[in-house]
Amino acid sequence: AMQLTISAQRGSLSLGSLDGLHFVSGDGVDDRTIAVLGSMADINRAITALQYDCKVSAGCVAGTDSITVIIKDNGHSGTGGAKVTTKTLSLKVQA
């Protein structure tokens, strides 16, 4: 299985689909950090409709935020052993 870890610095995240995923951290709904194991198809389906929410009551404010995405194939795709990639997306949050 592949592993997805996705986190927001201030806001919360909800996955678009929870089907076929094994949760390592969070439950996939309104979490600051979510870590799951699943097939590439299940992970792609989960992040296709990813939702970001900025709630003042949770400490989120207008300004900037970032979402960090880490994908690990755990050696299950291609050759050359396990692969890891990390991407960080910057967001402008409006009040």
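Residues numbered from 1 in each chain as written. Predicted model: local features only at pLDDT ≥ 70, side-chain atom pairs only at ≥ 80, totals over all residues. Heavy atoms only, no water.

(A) Quick peek at the side chain of Asp42. Along the chain, the position of Asp42 falls in helix H1 (residues 40–48). Polar contacts involving the side chain of Asp42 include one to the side chain of Arg45, which spans 2.2 Å. If sequence neighbours within four positions are ignored, Asp42 has contacts with Asp19, Gly20 and Leu21. (Helix = DSSP H or I, 4+ residues; strand = E, 2+ residues; numbered from the N terminus. Polar contact = N/O pair within 3.5 Å; in protein donor to acceptor, adjacent residues only side chain to side chain. Contact = heavy atoms within 4.5 Å.)

(B) Up close: the pairing of strand S6 (residues 63–72). For strand S1 (residues 2–8) and S6, the ladder comprises 6 bridges, and the chain directions are antiparallel. Pairing of Ser7 across the sheet is with Thr68, part of S6. Here 10 bridges tie S6 to strand S7 (residues 84–93), and the two strands are oriented antiparallel to one another. Among the inter-strand pairings, Asp65 is bridged to a residue of S7, identified as Leu91. (Pairing = 2+ DSSP bridges.)

(C) Here's a closer look at the sheet that holds strand S3 (residues 22–25). Pairing is antiparallel across the open sheet formed by 5 strands, whose spatial order is S3-S4-S1-S6-S7. Two strands close off the open sheet at either side, each with one partner strand: S3 and S7. Direction aside, the axes of adjacent strands within the sheet are offset by 20° on average. Docked against the sheet, H1 engages S1, strand S4 (33–38) and S6, running at close to 20° with respect to S1. (Axes fitted to C-alpha atoms, helices over the stretch in contact; angles between N-to-C directions.)

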